[in-house]
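Descriptive analysis of the structure
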2 protein chains.
Amino acid sequence: MKVNQKPRTMMFPAPAIIASAYDEKGNVDCCTLAFATMCSHHPPAVMIAINTTLKRKTLKSILYSKEFSVAFPSVEHMAETDYIGIASGYDTNKLEDVGFTFKDAEHVNAPIINEYKISLECRVMHIAEVGSHTQITGEIVNIQAEESVLDDKGKISYEKLNPLCYDDVSHSYFEIGDFVARAFKPGLKFRK
Amino acid sequence: MKVNQKPRTMMFPAPAIIASAYDEKGNVDCCTLAFATMCSHHPPAVMIAINTTLKRKTLKSILYSKEFSVAFPSVEHMAETDYIGIASGYDTNKLEDVGFTFKDAEHVNAPIINEYKISLECRVMHIAEVGSHTQITGEIVNIQAEESVLDDKGKISYEKLNPLCYDDVSHSYFEIGDFVARAFKPGLKFRK
């Protein structure tokens, strides 16, 4: 039997990604976000949504610089990723606190956090304020990938990356699980 | 060592959700999407992105009716979900083909697919064409949840739902994995 529940945000699964940018003084800002998705194939793009009302420093920096990076944390960096979501860039240097380092992205003016294994270099292509959050769509202009998470064909391996998953209902982190099937084949049995 | 990769869309993890709407004749449309995220707390909202250039029928129906539902498939419905992503509503009745049924949502004019255990009832609050896709943000005005996936406090259990995860790089489905930690605690050890 189905029951009604009070409206609240949810997505299964959701990621725990890191958005990074330089502020107007050239200092690095970063924050952890569960509101993120792919959103365009041509050009390749991602959309991240950051709370407007909380006056997040990273949001201000991205709106200033119009360029940012997105990193996909592995489970091994769960605690650091959690801290980057708790602390504020107005109060402390989050990367220093967790012992992480960064370098300049190659194609945009944004920081790449060295410890995260996959980073997207993004250029803002669309901004919209919707509800409590600002939606920022970024064209992916370069991808930096650690060789250790690539498969033998040079593609990013989901299992080797072991990305951190976030459940916003229980406020918990999960690992990815077992392979189920290749897409676009299991459904063919229903074709008339 | 890090290497550059050719830009392409990616998100780790990504969901495989079902968007449903009624077309202008009242017929049910649905499609499978990996481009979906939470995007606002107040009001609660989700954003889905549907390919504009492919002229998807469900996109047309949502733009017509301005209301839709989002379902979160469990791994047990992987094959049906895969089919709903392969077939076109212009060619066939996808739900009949897979043996699924639907009913009217309670708060919006959109179909709820009975077999999926969690559905969000959404009302369009923002539309933007960005890149190859149309971004549709929907306010979540009601949630229908199957009692079998609720925990003893009445909250949706990530493990009981066992949502289908999608990897767009390998075009594969995965299960969710083990619990790692509660959020907003592991990072506190870095606080100065």
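1. Considerations on the packing of aromatic side chains
Evaluated as defined, the whole model comprises 17 aromatic pairs over all chains. Ring centres of A:Tyr83 and B:Phe190 lie 5.9 Å apart, and the angle between their planes is 65°; this geometry places the pair in the edge-to-face category. Of this pair, A:Tyr83 sits in helix H2 (residues 78-86) while B:Phe190 sits in the segment after strand S13 (172-182), on two different chains. Of the residues examined, B:Phe190 reaches a relative accessible area of 14% and is grouped as buried. Between A:Phe100 and A:Tyr116, the ring centres sit 5.3 Å apart and the planes meet at 85°, which makes this aromatic pair edge-to-face. Residue A:Phe100 is located in the loop between helix H3 (94-98) and strand S8 (102-104), and its partner A:Tyr116 is located in the loop between strand S9 (111-113) and strand S10 (118-130); the two are separated by 16 residues in the primary sequence. You'll find A:Phe100 and A:Tyr116 in the same group, each marked buried.

2. What about empty space enclosed by the protein?
Within the structure shown, the criterion is met by one cavity of 30 Å³ or more. The wall of the largest cavity is formed by 16 residues, among which A:Pro15, A:Ala36, B:Pro15, B:Ala36 and B:Thr37 lie closest to the centre. Every element with two or more residues in the lining of the largest cavity is listed here: strand S2 (14-15) and strand S5 (36-40) of chain A together with strand S2 (14-15) and strand S5 (36-40) of chain B. The class makeup of the residues in the lining of the largest cavity is 14 nonpolar, two polar and no charged.

3. With respect to the interface of chain A and chain B
Of the residues lining the interface, 104 residues belong to chain A; the matching set on chain B comes to 104 residues. Taken over both partners, the interface formed by chain A and chain B buries close to 9400 Å², and the fraction arising from carbon and sulfur atoms is 65%. The tally of links from chain A across to chain B stands at zero salt bridges. Remark: the boundary between chain A and chain B carries 52 residue pairs in polar contact (both at pLDDT 80 or more). Ranked by residue count, the leading element in the side of chain A that touches chain B is strand S13 (residues 172-182) of chain A, at 11 residues. Here the side of chain A that touches chain B is composed, by residue class, of 60 nonpolar, 23 polar and 21 charged. Sheet topology note: the S13(A)/S13(B) ladder contains seven bridges and is antiparallel. Among the inter-strand pairings, A:Phe179 is bridged to a residue of S13(B), identified as B:Phe174.

4. Describing the environment of A:Leu164
With respect to the secondary-structure elements, A:Leu164 resides in the loop between helix H4 (158-161) and strand S12 (165-167). Separated by 22 residues in sequence, A:Leu164 and A:Asn142 have C-alpha atoms that sit 22 Å apart. Those residues in contact with A:Leu164, other than ones at most four positions away along the chain, are A:Pro15, A:Ala16, A:Pro73, A:Ser74, A:Val75, A:Met78, A:Thr81, A:Tyr173, A:Phe174, B:Phe12 and B:Pro13.

5. Some details on the confidence of the model for chain A
Of all residues in chain A, 100% attain a pLDDT of 70 or more, and the chain-wide mean is 97. Model confidence for the complex: the whole-complex pTM is 0.97, and ipTM, which rates the interface, is 0.97.

6. As for the environment of B:Ile18
Residue and element names in this part refer to chain B. Its location among the elements puts Ile18 in strand S3 (residues 17-22). As a C-alpha pair, Ile18 and Thr81 span 63 residues in sequence and 7.5 Å in three-dimensional space. Leaving out residues up to four positions away in the same chain, Ile18 has contacts with Cys30, Cys31, Thr32, Ser69, Val70, Ala71, Pro73, Thr81, Ile84, Ile113 and Tyr116.

7. Topic: unusual backbone geometry
The residue after A:His42, namely A:Pro43, is reached through a cis peptide bond having omega -5°. For the bond from B:Phe12 to B:Pro13, the omega torsion is -5°, close enough to zero to count as cis. Relative to the helices and strands, B:Pro13 is located in the loop between strand S1 (2-5) and S2. Even without being glycine, A:His171 reaches a positive phi, approximately 50°. By secondary structure assignment, the location of A:His171 is in the loop between S12 and S13. Taking relative accessible area as the criterion, A:His171 reaches 36% and is therefore assigned partly exposed.

8. Side note on the sheet that holds S13(B)
Strand order in the open sheet formed by six strands is S2(A)-S12(A)-S13(A)-S13(B)-S12(B)-S2(B), with antiparallel pairing between adjacent strands. Each edge of the sheet is formed by a strand with only one pairing partner; in this case those strands are S2 of chain A together with S2 of chain B.

9. Some details on the nonpolar core
Membership of the largest hydrophobic core comes to 100 residues, with the highest contact counts inside it found for A:Ile48, A:Phe72, B:Ile48 and B:Phe72. Beyond its immediate sequence surroundings of up to four residues, A:Ile48 is in contact with A:Ile17, A:Ala19, A:Leu33, A:Phe35, A:Ala36, A:Ile62, A:Phe68, A:Val70, A:Thr134, A:Gln135 and A:Ile136.

Cut-offs used in this document
Residues numbered from 1 in each chain as written. Chains lettered and ligands numbered in written order. Predicted model: local features only at pLDDT ≥ 70, side-chain atom pairs only at ≥ 80, totals over all residues. Heavy atoms only, no water. Phe/Tyr/Trp six-rings, centres within 6.5 Å; stacked < 30°, edge-to-face > 60°. Helix = DSSP H or I, 4+ residues; strand = E, 2+ residues; numbered from the N terminus. Buried < 20%, exposed > 50% of the residue type's maximum accessible area, 1.4 Å probe, protein only. 1 Å grid on protein atoms, 1.4 Å probe; cavity = no way out; pocket = protein on both sides within 12 Å on 5 of 7 lines; lining within 4 Å. Points joined across faces, edges and corners; volume = space filled by probe spheres on them. Nonpolar A, V, L, I, M, F, W, Y, C, P; charged D, E, K, R; others polar. Contact = heavy atoms within 4.5 Å. Buried area = accessible area lost by both parts, 1.4 Å probe. Salt bridge = Lys/Arg side-chain N within 4 Å of Asp/Glu carboxyl O. Polar contact = N/O pair within 3.5 Å; in protein donor to acceptor, adjacent residues only side chain to side chain. Pairing = 2+ DSSP bridges. pLDDT = per-residue confidence, 0-100. Core = buried A, V, L, I, M, F, W, Y, C linked by side-chain atoms within 4.5 Å.

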